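Structure assessment
The residues making up each chain are set out below.
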Amino acid sequence: MGVKLSRTFVLRKLHQLSGIMPLGIFLLEHFYTNSKALTGPADFNNAVKDLQSIPYILFVEIGGIFIPLIYHAVYGLVITMEARPNNLAYPYPRNWFYLIQRITGMILFFFITFHVLNFRFGLIPGLNTISVAHSPQMAFDIVSREFRIIPIFIVYMIGIAATVWHLANGIWLFMVDWGITIGERAQRLTGYACIAFGVVLLLVGINAAIAFIRPGGLLGGIL
Amino acid sequence: MSAHAVNQKKSNRVPPKTVEIHIRRRANPDSPQYWEVFELPYRPNLNIISCLMEIQKNPVTKEGNPTTPPVWQMNCLEQVCGICTMVINGRARQSCSALIDNLEQPIKLEPMSKFPNIRDLVVDRSQMFDHLKQVNAWVELDGTHDLGPGPRMDQEEVQERYSYSRCMTCGCCLEACPQYEGDNYIGPQAIAQVRLFNMHPSGKMTRDERLEGIMGEDGITNCGNAQNCVKACPMGIPLTRAIYEENRETVVHGLFGWLKS
Ligand code: HEM
Ligand code: SF4
Ligand code: SF4
Ligand code: FES
């Protein structure tokens, strides 16, 4: 017995899986670390330092983030090329989500490239030339200085919103693609759950970004 | 819109004097497409086929130029066979059940775009038949001897299988699918038939052959979950349910099948 696996089948399943694990898990970790900024620069800088002291950090970063990210991003663009959107003739919510998943994917491609070169590597001359990862003691200040430039802050807001949408809808997609969600009612209920998850994640992500320009984030001084 | 609201709208509307129909035509498979406009007197309860028959009787365009009679396919005239499917005002549906009174004028008729266009509104949908062969959409039975009564199925399963069995291979789901183009994807129609036969107690015995049929380069993973198929299907077949059931089967028996070996 045994069913033959085709190349496309394996590549698609890897694409779907990589979106959740490791990329989705990483995004949660990323927002968690960013949220450390809510309690002040020192806490955030320590969190950055802790991350850099993870054993085998080089392999964790390459195998757990860079390779899956590049794979998911490049194959995601290939999948996007295959789409023949027809949203005006068939204007249903799921058909819009289908299109938005591809548009946010393209936004993410440019945003993540910029974001990684900017903060991880410090390779954007004229904006930032210091790697946040390698200078944990300056981490908060580097981000804070950039976020005070309004166009940069807007770019980050768009990036965060696109990522959250892509992941929240992506979890729903993963559940149907792997045969976890099946019936119409289950599709609807998991849809609501993903919307709720997305709203919370969006607020957490935005609040963490605001914490770099306003002490304590949106609710600073209240909580 | 509720039936009541539709009736309300209809009774309030002044009936038009004429029906204007734009047809996207093609003389033969290799020649380019072109539009022609026809106009005919309005009658209540006209449908697209009756309009096409009128035009066929007297093939003169709205500007008064004589032309060739437009070609289309039809058979049952009661939305059962699927052969008369075409794109009406941008959406794939059966022309025999498309009432003029419910359509916005001018009415635009086009052949389906996802299949080779033979002539005028006629397309060659043999890819759908090829896909049925690719997925072994039948139950294997050897010999003509009496096998006795078949195994029993519970009512819920019978109901679900009945809904998949109503597929008339019309192609609306494929026309509406943003992932289906040039035969690159086996599509929801064939996947629903895999579900139909994998649910059958005797059909189950050749389950893996069907799974292999939907796990190739053109397989089930090409679905992008736009879910237009289930909205476009005139038979109300729960296509996304079938796709997700088969996602589960391909994951359990295909991807993780080696764990049992
Ligand atoms: C960097 C550029 C990216 C591109 C171009 C991209 C593109 C895509 C595309 C086109 C899909 C739909 C696939 C399909 O319907 O078959 C998709 C799905 C998905 N993406 Fe991304 N993506 C990117 C980044 C990310 C990131 C950073 C994450 C994690 C936060 C992520 C998580 C997901 C998830 C969970 C899915 C659902 C998988 C499924 O269909 O089952 N993606 N991506
Ligand atoms: S759910 Fe899949 S098969 Fe159905 S229209 Fe969308 S992409 Fe096509
Ligand atoms: S599944 Fe529905 S839309 Fe698709 S071919 Fe069958 S009857 Fe037509
Ligand atoms: S002629 Fe059979 S469905 Fe229209």
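Calculation notes
- Residues numbered from 1 in each chain as written.
- Chains lettered and ligands numbered in written order.
- Predicted model: local features only at pLDDT ≥ 70, side-chain atom pairs only at ≥ 80, totals over all residues.
- Heavy atoms only, no water.
- Helix = DSSP H or I, 4+ residues; strand = E, 2+ residues; numbered from the N terminus.
- Rg over C-alpha atoms; globule rule 2.2 N^0.38 Å.
- Buried < 20%, exposed > 50% of the residue type's maximum accessible area, 1.4 Å probe, protein only.
- Arc of directions from axis to C-beta.
- Contact = heavy atoms within 4.5 Å.
- Polar contact = N/O pair within 3.5 Å; in protein donor to acceptor, adjacent residues only side chain to side chain.
- Axes fitted to C-alpha atoms, helices over the stretch in contact; angles between N-to-C directions.
- Parallel < 35°, antiparallel > 145°, perpendicular 65-115°, else oblique.
- Left-handed = near helix turned anticlockwise from the far one by under 90°.
- Buried area = accessible area lost by both parts, 1.4 Å probe.
- Salt bridge = Lys/Arg side-chain N within 4 Å of Asp/Glu carboxyl O.
- Nonpolar A, V, L, I, M, F, W, Y, C, P; charged D, E, K, R; others polar.
- Donors = N, O, S within 2.8 Å, 3.2 Å for Na, K, Ca; no water.
- 1 Å grid on protein atoms, 1.4 Å probe; cavity = no way out; pocket = protein on both sides within 12 Å on 5 of 7 lines; lining within 4 Å.
- Points joined across faces, edges and corners; volume = space filled by probe spheres on them.
- Domains from an automatic or database assignment.

A short note on the overall build of chain A
- Within chain A, the regular secondary structure consists of 7 helices and 0 strands.
- In sequence order, the secondary structure elements of chain A are arranged as α-α-α-α-α-α-α.
- Its C-alpha atoms give chain A a radius of gyration of 19 Å, within 12% of the compact-globule value 17 Å for 223 residues.
- Its C-alpha atoms give chain A principal-axis dimensions of about 55 × 40 × 30 Å.
- The buried share among the 223 residues of chain A stands at 48%.

Considerations on helix α4 (residues 155-165) of chain B
Residue and element names in this part refer to chain B.
- For α4, every residue scored as buried is listed here: Glu-160, Arg-161, Ser-163 and Tyr-164. For α4, the angular spread of buried residues about the axis comes to 155 degrees, placing them on one side. Residues of α4 that are exposed and point over 90 degrees away from its buried face: Gln-155, Gln-159 and Tyr-162.
- Residues of α4 that are buried make contact with α6 (187-198) and α9 (239-255).
- With a side-chain oxygen lying 3.0 Å from the backbone nitrogen of Glu-156, the N-terminal cap of α4 falls on Asp-154.

Here's the deal with the packing of α6(B) against α9(B)
Residue and element names in this part refer to chain B.
- Closest axis-to-axis distance for the α6/α9 pair is 9 Å, and the angle between their directions is 65 degrees. Judged on the interaxial angle alone, α9 and α6 are roughly perpendicular. For the pair α6 and α9, the sense of crossing is left-handed. Residues Pro-188, Ile-191, Ala-192, Val-194, Arg-195 and Asn-198 of α6 lie in contact with α9, whose contacting residues are Leu-239, Ala-242, Ile-243, Glu-245, Glu-246 and Glu-249.

Concerning the interface of chain B and chain A
- Opposite the 39 residues of chain B that make contact, chain A presents 36 residues.
- Between chain B and chain A, the buried area comes to about 3,500 Å², and carbon and sulfur atoms account for 52% of it.
- Across the contact surface, chain B and chain A share 1 salt bridge.
- Two residues, Arg84(A) and Glu181(B), come together in a salt bridge whose shortest N-O distance is 3.9 Å.
- At the boundary of chain B and chain A, one finds 22 residue pairs in polar contact (both at pLDDT 80 or more).
- Elements with a minimum of two residues in the side of chain B that touches chain A: β4 (91-94), α5 (172-176), α7 (207-213), α8 (228-232) and α9 of chain B.
- If you tally residues by element for the side of chain B that touches chain A, the top one is α9(B), at 11 residues.
- Of the residues belonging to the side of chain B that touches chain A, the class tally is 14 nonpolar, 14 polar and 11 charged.

So, the side chain of Thr33(A)
Residue and element names in this part refer to chain A.
- With respect to the element layout, Thr-33 can be found in helix α1 (residues 7-35).
- The class of Thr-33 is buried, set by a relative accessible area of 7%.
- A distance of 2.5 Å separates polar atoms of two side chains, one belonging to Thr-33 and the other to Glu-29.
- With residues up to four places along the chain from it excluded, the contact list for Thr-33 reads Phe-44, Ala-47 and Leu-51.

Observations regarding the coordination of the iron atom of ligand 1
- Summarising the metal site, the iron atom of ligand 1 is bound by the protein donors His72(A) (NE2) and His166(A) (NE2), whose distances to it range over 2.0 to 2.1 Å.
- On the accessibility criterion, His72(A) (16% relative accessible area) is buried.

Here's the deal with empty space enclosed by the protein
Residue and element names in this part refer to chain B.
- The full count for this structure, using the stated rule, is 3 cavities of 30 Å³ or more.
- Empty space within the largest cavity amounts to approximately 100 Å³.
- For the lining of the largest cavity, the secondary structure elements donating two or more residues are α8 and α9.
- When residues in the lining of the largest cavity are grouped by element, the largest group, 3 residues, is from α9.
- Here the lining of the largest cavity is composed, by residue class, of 9 nonpolar, 6 polar and no charged.
- Of the voids in this model, the second largest cavity is the one considered here, and its volume is about 80 Å³.
- If you go around the second largest cavity, you meet 13 residues; those closest to its centre are Cys-167, Cys-170, Cys-173, Cys-233 and Ile-237.
- Its residues assigned to classes, the lining of the second largest cavity comprises 10 nonpolar, 3 polar and no charged.

Some remarks on the environment of Leu23(A)
- Structurally, Leu23(A) can be placed in helix α1.
- Between the alpha carbons of Leu23(A) and Gly64(A) there is a distance of 8.1 Å; along the sequence they are 41 residues apart.

Structural notes on the domain arrangement of chain B
Residue and element names in this part refer to chain B.
- Taken domain by domain, chain B holds domain 1 (9-123) and domain 2 (126-260).
- Each of domain 1 and domain 2 has a C-alpha centre, and the two are 32 Å apart.
- Each side of the interface is counted separately: domain 1 has 14 residues, and domain 2 has 13 residues.
- Buried area between domain 1 and domain 2, summed over both chains or domains, comes out near 1,100 Å², and the portion from carbon and sulfur atoms is 55%.
- A per-residue breakdown of the area domain 1 buries against domain 2 is headed by Gln-79, Lys-114 and Phe-115, which together make up 51% of the total.
- Where domain 1 packs against domain 2, one counts 0 salt bridges.
- Connecting domain 1 to domain 2 are 4 residue pairs in polar contact (both at pLDDT 80 or more).
- Secondary structure elements with two or more residues in the side of domain 1 that touches domain 2: β3 (85-88) and β4.
- Broken down by element, the residue count for the side of domain 1 that touches domain 2 peaks at 3 residues, all from β4.
- Within the side of domain 1 that touches domain 2, the residues separate by chemical class into 7 nonpolar, 5 polar and 2 charged.

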